Amino acid sequence: MEEIKHSHLEKAILVGCQLPGQTDEQFFYSMEELESLTKTAQGQAVVSVTQKRERYDASTFIGKGKIEEILALEEELEPDLIIFNDELTPAQNRNLSRFFEARVIDRTQLILDIFATRARSREGKLQVELAQLQYILPRLAGVGVSLSRLGGGIGTRGPGETKLEKDRRHIRSRITEIRRQLEDIVSHRGRYRERRKENQAIQASLVGYTNAGKSTIFNGLTAADSYEENLLFATLDPLTRKMRLPAGLQVLVTDTVGFIQDLPTSLIAAFRSTLEEVKEADVLIHVIDGSSEDRDQHESTVLSILKDLDASSIPMITVYNKKDKFNEGFIPDTSSVSISAFQKDDLLLLKDVIENEVKKQLEYYHIFVPAEEGRKLSMLKNSTILLEQVFIEDTQSYECRGYALPSMKLQ
């Protein structure tokens, strides 16, 4: 049991259960991350209770002794909620709620709650509501007691209490309606992607574990005003902006939602259309927090999710961010680039690296463009790497050399 400093935010007791397949280091990190998630949800962990077991208790997740320990802590600390570090079954949640006065929620519910507060776009809000309703549907039986004492707070945001109190038929109907609306949005997004392809735009996507610094890098590369804060899931809705590479080529860059280990399946499913942006990229920029002790775990989590999205074959640049905070002894892989997102020189270096990676996908061209075709000359400047443009007076044309996507029809 580990004491944690607390304030006047919603107070939470964190509960974790370590199984044989999990190392002490992995378990410690998972509990640490649960505390960060609680902070992001405007809560404050006041104590952390852990237990080692061969398997989860089928009815109460943890053993009777731990339940008694938490009951004593609840009486002493008067927490608002008790958060379990794994997804509870409907039966486990109901049984635990009978023991405790505080609200009982699990890791999945906590993440869903954070997503509910982070969603800004219509699509994002619909995706969160869909995931929450899919989560709550099998948990409706016997949920009335806990609903009567919710009163707002962590784990209750999103669709809201009134929606949760309605019958299964209404919730299923709402799920169907949300899916229909999302299909329309996905169709619109697909048409937008097709237009980008027709315009021969090269696309890059920033991916990485949540809080790795993607939004800060995104803002530095594109001069955008994306939300950035030292919190998990600071960015939920994907943003796309133009970035100009050193040779003049314009690239579309997308900032995506941060990944996290044990991301609820319902969320991956709900946000699949958003994550589809990753699959459309010509190059992925994988941002890793180089100052984190858990960077290897973060990297493997991201690579695993990219594999699930069928995006693991896309060319990737590995970027270790926060180099000013690297611990001694950490030597990044030579094929990666180390930067601080707040240093302009480092961002210029990253642009050079992106340009070199993009260039590998381009083909050399050597063409002559009549002087009156100003539109085509402008396109060459913005949509290709134009190495040379020389005016030939005899033919009143420009001799142009550079690199362009193979699909571009330049002649």
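Residues numbered from 1 in each chain as written. Predicted model: local features only at pLDDT ≥ 70, side-chain atom pairs only at ≥ 80, totals over all residues. Heavy atoms only, no water.

Looking at an unreviewed UniProt entry, one finds the chain named GTPase HflX, with Fictibacillus terranigra as its source organism. The annotation that UniProt attaches to the chain under Function (unreviewed entry) is "GTPase that associates with the 50S ribosomal subunit and may have a role during protein synthesis or ribosome biogenesis." Regarding the chain, the UniProt comment filed under Subcellular location (unreviewed entry) reads as follows: "Cytoplasm". (UniProt positions renumbered as here; feature names shortened; annotations may be inferred.)

(A) Highlighting the overall build of the chain. Along its length, the chain carries 14 helices and 14 strands. Looking at the chain as a whole, 52% of its 411 residues qualify as buried. For the chain, contacts bridging at least 24 residues in sequence account for 69% of all contacts bridging at least 6. (Helix = DSSP H or I, 4+ residues; strand = E, 2+ residues; numbered from the N terminus. Buried < 20%, exposed > 50% of the residue type's maximum accessible area, 1.4 Å probe, protein only. Contact = heavy atoms within 4.5 Å.)

(B) Structural view of the sheet that holds strand β14 (residues 397-404). Across the sheet, which stays open at both edges, the three strands sit in the order β12-β14-β13 with antiparallel pairing between neighbours. One side of each edge strand has no neighbouring strand; the edge strands of this open sheet are β12 (363-370) and β13 (385-392). Pairs of neighbouring strands in the sheet enclose a mean axial angle of 15 degrees, with direction left out of account. (Pairing = 2+ DSSP bridges. Axes fitted to C-alpha atoms, helices over the stretch in contact; angles between N-to-C directions.)

(C) Focus on the packing of helix α4 (residues 107-118) against helix α5 (residues 122-136). Where α4 contacts α5, the two axes come as close as 9 Å, and the packing angle between them is 155 degrees. Here α5 runs roughly antiparallel to α4, going by the angle between their axes. Crossing handedness for the pair α4 and α5: left-handed. Of the residues in α5, those touching α4 at Thr 108, Gln 109, Leu 112, Asp 113, Phe 115 and Ala 116 are Val 128, Ala 131, Gln 132 and Tyr 135. Here the contact of α4 with α5 is built from residues that sort into six nonpolar, three polar and one charged. (Parallel < 35°, antiparallel > 145°, perpendicular 65-115°, else oblique. Left-handed = near helix turned anticlockwise from the far one by under 90°. Nonpolar A, V, L, I, M, F, W, Y, C, P; charged D, E, K, R; others polar.)

(D) Molecular detail of the packing of aromatic side chains. Per the counting criterion, the structure on display carries seven aromatic pairs. Ring centres 5.8 Å apart and planes at 70 degrees place the aromatic pair Tyr 364 and Tyr 403 in the edge-to-face group. Taken together, the residues Tyr 364 in strand β12 and Tyr 403 in strand β14 connect sequence positions 39 residues apart. Relative accessible area serves as the criterion here: at 46%, Tyr 364 is assigned to the partly exposed category. Taken together, Tyr 56, Phe 61 and Phe 84 form an aromatic cluster joined through their ring pairs. Across the ring face of Tyr 135, the terminal group of Arg 139 is positioned such that the distance to the ring centre comes to 3.8 Å. (Phe/Tyr/Trp six-rings, centres within 6.5 Å; stacked < 30°, edge-to-face > 60°. Lys NZ or Arg CZ within 6 Å of the ring centre and 35° of its normal.)

(E) Molecular detail of the side chain of Lys 66. Here Lys 66 shows up in helix α2 (residues 64-77). We classify Lys 66 as buried; its relative accessible area is 17%. A polar contact is formed between the side chain of Lys 66 and the backbone oxygen of Thr 50, at a distance of 3.0 Å. Beyond its immediate sequence surroundings of up to four residues, Lys 66 is in contact with Val 49, Thr 50 and Gln 51. (Polar contact = N/O pair within 3.5 Å; in protein donor to acceptor, adjacent residues only side chain to side chain.)

(F) Spatial organisation of the pairing of strand β7 (residues 239-244). Inspection of the sheet shows β7 paired to strand β8 (residues 250-255) by six bridges, in the antiparallel sense. The partner of Lys 242 across the bridge, within β8, is Leu 252. In this structure, the hairpin formed by β7 and β8 is closed by a connection of five residues, where Gly 248 is found at a positive phi of approximately 105 degrees.

(G) Quick peek at the pairing of β13. As paired strands, β13 and β14 are joined by seven bridges and run antiparallel to one another. Its bridge partner being in β14, Leu 386 is matched across the sheet by Gly 402. The antiparallel hairpin formed by β13 and β14 contains four residues in its connecting segment, where Gln 396 sits at a positive phi of about 50 degrees.

(H) Molecular detail of the confidence of the model for the chain. In this model, the chain carries a mean pLDDT of 85, and residues with pLDDT of at least 70 account for 85%. When mean pLDDT is compared element by element in the chain, strand β10 (residues 316-321) scores highest at 97, while helix α6 (residues 144-147) scores lowest at 44. Confidence over residues 3-7 falls short of pLDDT 50; this stretch has 15 contacts with residues more than four positions distant or in other chains. Residue range residues 142-150 is modelled with pLDDT below 50. Its contacts to residues more than four positions away, or to other chains, number 10 contacts. (pLDDT = per-residue confidence, 0-100.)

(I) Seen up close, α5. Counted at 1.5 Å a residue, the expected span for α5 with its 15 residues is 21 Å, and the 21 Å between its end C-alpha atoms agrees. A large share of α5 lies buried, amounting to 12 of its 15 residues. All of the buried residues in α5 are Glu 123, Gly 124, Leu 126, Gln 127, Val 128, Glu 129, Leu 130, Ala 131, Gln 132, Leu 133, Tyr 135 and Ile 136. (Expected span 1.5 Å × (residues − 1).)

(J) Main features of the sheet that holds β7. With mixed pairing, six strands are arranged side by side in an open sheet as β7-β8-β6-β9-β10-β11. The open sheet has two free edges, formed respectively by β7 and β11 (337-338), since each of these has just one partner strand. Where strand β6 (residues 202-208) lies against strand β9 (residues 283-289), five bridges are found, and the strand directions are parallel. Residue pairing for β9: Ser 205 is matched across the bridge by Leu 284. Here helix α9 (residues 214-222) sits on the sheet in contact with β6, β7, β8, β9 and β10, set at roughly 45 degrees to β7.

(K) Highlighting the environment of Leu 133. Looking at the secondary structure, you find Leu 133 in helix α5. With a relative accessible area of 1%, Leu 133 lands in the buried category. With 38 residues separating them in the primary sequence, Leu 133 and Ile 171 have C-alpha atoms 6.9 Å apart.

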